[in-house]
Amino acid sequence: MSDAEELRHLMATEGDAISLNTKGFNRGRYDSVSRLDDYDELKDKARAIKEDAIERLPELIDQLEETIAENGGTLYIADDEDDANEYIREVVADREAERVVKSKSMTSEEIEVNEALEADGVEVVETDLGEWVLQVADEAPSHIVAPAIHKSRDAIAELFNERFDLDEPLETAEELTQFAREQLGELIEDAQVGMTGANFVTADTGTMALVTSEGNARKTVAATDTQIAVAGVEKVVPTVEDMQPFVELIGRSGTGQDITAYLSLLTPPVGTPNVDFGDDETPLSELDADRDFHLVLIDNGRMAMREDDDLRETLYCIRCSACSNSCANFQQVGGHAFGGETYSGGIATGWEAGIEGLDTAAEFNDLCTGCSRCVDACPVKIDIPWINTVVRDRINGEKEGQFDFLVDGLTPDEEDTSPSLQKRFFGNFETVAKVGSALAPASNWLANTTVSRQAMQRVLGVDARRELPKFTRETLVEWFADRETAVRNPDRRAVLYPDLYTNHVQVERGKAAVRVLEALNIDVVVPKVASSGRAPLSQGMVSTARDHAERVSAALLPHIEDGRDVVVIEPSDLAMFHREYKRLLDQSTHESLAGNSYEVMEYVYGLLENGASVDILTPAMGERVAYHSHCQQRTLGLEGHTTAVLERCGYDVLTSDVECCGMAGSFGYKSDYYDVSVAVGNDLRDQFTDADASDRTVVASGTSCLEQLDDLLERPTRHPIQLLAGDRR
Ligand code: SF4
């Protein structure tokens, strides 16, 4: 099956259940965190604890080893999967166990302990409902918190009715849960070894936190006299008090619960007596508490990730799944596509690259569009898109560069690795746009002939169903150079950043921005500046993106030093200046550029707030607007400025509550991802074609959003600045 076919198959078979459940989790998250007064402080606190813990990890592990020994247990550090499994098999063999019951351990999935024990003739039973459903179905998890999220209730009923010899078919959720509980209860009673994971382990007391939505983790610990806990080394935090922000955040971030149904804090070996289920006569108080405890902390690449400046942040992850739930692509395809051997969702790239290697990460890494919605959702503020970008860059380096001889001479990129031809094409879109404008309109005609479209699909993987951008002969910079400024005594001075699309394709929105700013008495210049580097960065071409960042800052900093503000139309470029340039430029250059750059509607809003008259702008005349804000504009907290300005001008604004259009620059053009892109966009199409929106003027702030909306709707779209400009010339 091709990648596109596989994605289509997963969308058809699992997409509805995944979409329904992840969106439900998100709604819960929004509600729950909105009730927290100190959400941001909690996130900062959680991040600081993880930063400190990973920094001091070797020291904390030594401390934990002593603590656990004092408590009467054993700590074993396993180098890798085989080492961990060998130790666990020995413990199970010493206990002569025939059955191991398991709960809440992704790390045990990572080391495939079930297979290792089953090879020894030991029965392994998953006791968490979702995991058990998957064990019965012989399937892999598709989500890090809700492993069977891709299965509907009907599918689970069908599975149970087929696999078990039932008197009556099971139908309702209650019947299914009750049946599973009875089955699992019996299996747990007869087990000799209980295996759990651990969300956190504290070095000071050896306390483990198990955050669960079912009580089976507790049962596996209580019902068996030998407990093995399996966790990655990164789960160690210094003290019991350090667990507080995580306990506040983990349930809220993942499933939207203020607190999960069960929060177990165990300091094993626990002192409660071991129940003998075959003995009804002896009171509990007369049973002894002779329990055995082994904590297996697994390295498996983590210590090397700790030394890796870019992958290190992955170790701060608390596996809450907010990044998966908030990802528009994950909502369509789920973890069976957007995941590796064990981990899924946005952060899976970091985990799989560090643990399994680049090959595994390469299988799904391109599903991250870098929209950055997950960064705001993450309770430890991990820059997940950056991890995806860096890994993409490393994957590029591993590829055979069969087209290098052809492309190196044509494209001025800085890569010493070998990105695919498709990535090099999209990553060097600035060159394409320059040629496109210089040869327009012939270039537009040629690019859209059937022969060209077929060739582009075959060679570059550019889907023939997607309309190509139309380059203008006269760029925004050229248009601006040929005109006189109308502003004599300006209130402020600004440099309008001519992003790639505004300069070569969406030139009208650039002209509108100049006219609106000049009407508001701003002295504007539009110099020739390199493209921001967003295009190469999204292809994992980090060196090329850094080269762009250096050229952009070299061109814009003199204007800033001259007292001009930088006004940016394209939100993804503004996000580059604010976020990614932190990684690409020195600190003072980044701070200077980020601190003086504004999104165009944010800038207009600021001018109105500071005394400019709204009467200068074109009034709405009763016009109704349907507005879609760009993902990165939202993550920068800039969505509201556009709405506020349009409303002040008298527009009736309906804002889309769909958080992503699915286009994300080159993503929607790629044949492999075209269908996912359209599926994500369908929610937006539905909202903008329903009764309250179908007669509204459609406006969107991002180029890719506008292109997606042009494809999905039958009415034209505009940037909001074009409404404010009216027919000003
Ligand atoms: S990266 Fe952040 S949001 Fe994603 S699972 Fe880890 S902690 Fe949660």
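Structure: above.
Calculation rules
Residues numbered from 1 in each chain as written. Predicted model: local features only at pLDDT ≥ 70, side-chain atom pairs only at ≥ 80, totals over all residues. Heavy atoms only, no water. Helix = DSSP H or I, 4+ residues; strand = E, 2+ residues; numbered from the N terminus. Rg over C-alpha atoms; globule rule 2.2 N^0.38 Å. Buried < 20%, exposed > 50% of the residue type's maximum accessible area, 1.4 Å probe, protein only. Contact = heavy atoms within 4.5 Å. Axes fitted to C-alpha atoms, helices over the stretch in contact; angles between N-to-C directions. Parallel < 35°, antiparallel > 145°, perpendicular 65-115°, else oblique. Nonpolar A, V, L, I, M, F, W, Y, C, P; charged D, E, K, R; others polar. Patch = residues over 30% accessible without salt bridge, like charges linked within 9 Å, V, L, I, M, F, W, Y side chains within 5 Å. Areas by Shrake-Rupley, 256 points an atom, 1.4 Å probe, with all protein chains shown as cover. Salt bridge = Lys/Arg side-chain N within 4 Å of Asp/Glu carboxyl O. Lys, Arg positive; Asp, Glu negative; His and termini not counted. Charge placed at Lys NZ, Arg CZ, Asp CG, Glu CD. Phe/Tyr/Trp six-rings, centres within 6.5 Å; stacked < 30°, edge-to-face > 60°. Pairing = 2+ DSSP bridges. Core = buried A, V, L, I, M, F, W, Y, C linked by side-chain atoms within 4.5 Å. Near = heavy atom within 4 Å. Polar contact = N/O pair within 3.5 Å; in protein donor to acceptor, adjacent residues only side chain to side chain.

*Asks:* Describe the overall build of the protein, naming the residues involved and giving the relevant values.
*Replies:* A tally of regular secondary structure across the protein gives 37 helices and 18 strands. For the protein, whose C-alpha radius of gyration is 28 Å, the value lies close to the compact-globule estimate of 27 Å for 729 residues. Principal-axis analysis of the C-alpha atoms gives the protein an extent of 95 × 55 × 55 Å. Evaluated residue by residue, the protein yields a buried proportion of 60% over its 729 residues. Considering only contacts within the protein whose residues lie at least 6 apart along the sequence, 76% involve residues at least 24 apart.

*Asks:* Got a sec to walk through the environment of A519? Specific residues and values, please.
*Replies:* Along the chain, A519 falls in helix α27 (residues 507–519). On the accessibility criterion, A519 (25% relative accessible area) is partly exposed. Distance from A519 to A725, taken between C-alpha atoms, is 8.8 Å for residues 206 residues apart in sequence.

*Asks:* Which residues make up the packing of α27 against helix α32 (residues 600–609), and what are the values?
*Replies:* The axes of two packed helices give the description: the angle between them and the distance between them. Taken N-terminus to C-terminus, the directions of α27 and α32 make an angle of 10 degrees; their axes are 11 Å apart at the nearest point. One finds that α27 runs roughly parallel with respect to α32. Touching A513, V516 and L517 of α27 are V600, Y603, V604 and L607, all from α32. Looking at the contact of α27 with α32 residue by residue, the classes come out as seven nonpolar, no polar and no charged.

*Asks:* Can you explain a negative patch on the surface? Please cite residues and give values.
*Replies:* The grouping of D79, D80, D82, E86, E90, D94, E96, D288, D290 and D292 at the surface amounts to a negative patch. At four residues, helix α5 (residues 81–94) tops the list of elements feeding residues into the negative patch. Within the secondary structure, D292 is located in strand β10 (residues 292–298). For D292, a relative accessible area of 33% puts it in the partly exposed group.

*Asks:* Can you break down the packing of aromatic side chains residue by residue, with the values?
*Replies:* This model, assessed by the stated rule, comprises 19 aromatic pairs. On the numbers, 5.2 Å between centres and 40 degrees between planes, the contact of F577 with Y581 is tilted. Here the residue F577 and the residue Y581 both occupy positions in helix α30 (residues 571–584), the gap between them amounting to four residues, near one helical turn. We classify F577 as buried; its relative accessible area is 0%. For the pair F667 and Y673, a centre-to-centre distance of 4.8 Å together with 15 degrees between the ring planes defines the contact as stacked.

*Asks:* Please give an account of the sheet that holds strand β6 (residues 208–212) that cites residues and values.
*Replies:* Judged by pairing direction, the sheet is mixed, and its four strands sit side by side in the order β8-β5-β6-β9 without closing on themselves. The outermost strands of the open sheet, each flanked by one partner alone, are β8 (236–237) and β9 (262–266). Bridge analysis of strand β5 (residues 200–202) against β6 gives two bridges, and the strand direction is antiparallel. Looking at β6, one finds that V201 is bridged to M208. Docked against the sheet, helix α11 (residues 216–223) engages β6 and β9, running at close to 30 degrees with respect to β9. On top of the sheet, helix α12 (residues 243–254) reaches β5, β6, β8 and β9; it is set at about 165 degrees to β5, its chief contact.

*Asks:* How would you sum up the nonpolar core? Please name residues and give values.
*Replies:* By size, the foremost hydrophobic cluster in this structure holds 92 residues, and its most contacted members are L295, L297, L367 and I382. Tallying contributions element by element places helix α3 (residues 39–55) first for this core, with six residues. One finds W479, L520, V645 and V699 within the second-largest nonpolar core, a separate group that totals 38 residues.

*Asks:* Talk me through the pairing of strand β2 (residues 99–103); I want residue IDs and the actual numbers.
*Replies:* Among the five residues that make up β2, five are buried, leaving the element largely enclosed by the rest of the structure. In β2, alternate side chains face the same way, and those of R99, V101 and S103 on one face and V100 and K102 on the other are all buried. Of the pairings in the sheet, the one linking β2 to strand β3 (residues 123–126) comprises four bridges and is parallel in character. Bridging across to β3, V100 finds its partner in V124. As paired elements, β2 and strand β4 (residues 193–196) share four bridges and run parallel to each other. Paired with V101 across the bridge in β4 is G194.

*Asks:* Got a sec to walk through helix α36 (residues 703–712)? Specific residues and values, please.
*Replies:* Extensive coverage of α36 is indicated by the burial of eight of its ten residues. Along α36, the residues classified as buried are T703, S704, C705, L706, E707, Q708, L709 and L712. Residues of α36 that are buried in the fold lie against α26 (500–504), α27, β15 (624–628), α35 (674–689), β17 (697–700) and β18 (717–718).

*Asks:* Can you lay out the sheet that holds β17 for me, pointing to particular residues and giving the numbers?
*Replies:* Reading across from one edge, β16-β15-β17-β18 is the order of the four strands in this open sheet, with parallel pairing throughout. Looking along the sheet, the strands with just one partner apiece sit at the ends: β16 (652–655) and β18. In terms of strand pairing, β15 meets β16 through four bridges, oriented parallel. Bridge pairing links A626 to L654 in β16.

*Asks:* With reference to specific residues and values, describe the site of the ligand.
*Replies:* Close to the ligand lie 14 residues; C317, C320, S321, C323 and C378 are nearest. The class makeup of the residues in the shell around the ligand is twelve nonpolar, one polar and one charged.

*Asks:* With reference to specific residues and values, describe unusual backbone geometry.
*Replies:* Omega for the peptide link from P268 to P269 comes to 0 degrees, which places this bond in the cis form. The omega torsion of the bond from A440 to P441 falls at 5 degrees, within 30 degrees of zero and hence cis. Mapped onto the secondary structure, P441 falls in the loop between α22 (429–439) and α23 (442–447). Even without glycine at this site, D138 takes up a positive phi of about 60 degrees. Residue position: D138 is located in the loop between α8 (129–137) and α9 (153–163).

*Asks:* Please provide a residue-by-residue account of the side chain of T220, values included.
*Replies:* Tracing the backbone shows T220 in helix α11. For T220, a relative accessible area of 0% translates into the label buried. Among the polar contacts made by the side chain of T220, one reaches the main-chain carbonyl oxygen of A217 at a distance of 2.8 Å. Not counting residues up to four positions away in its chain, the partners in contact with T220 are V101, K102, S103, T127, G194, M195 and T196.

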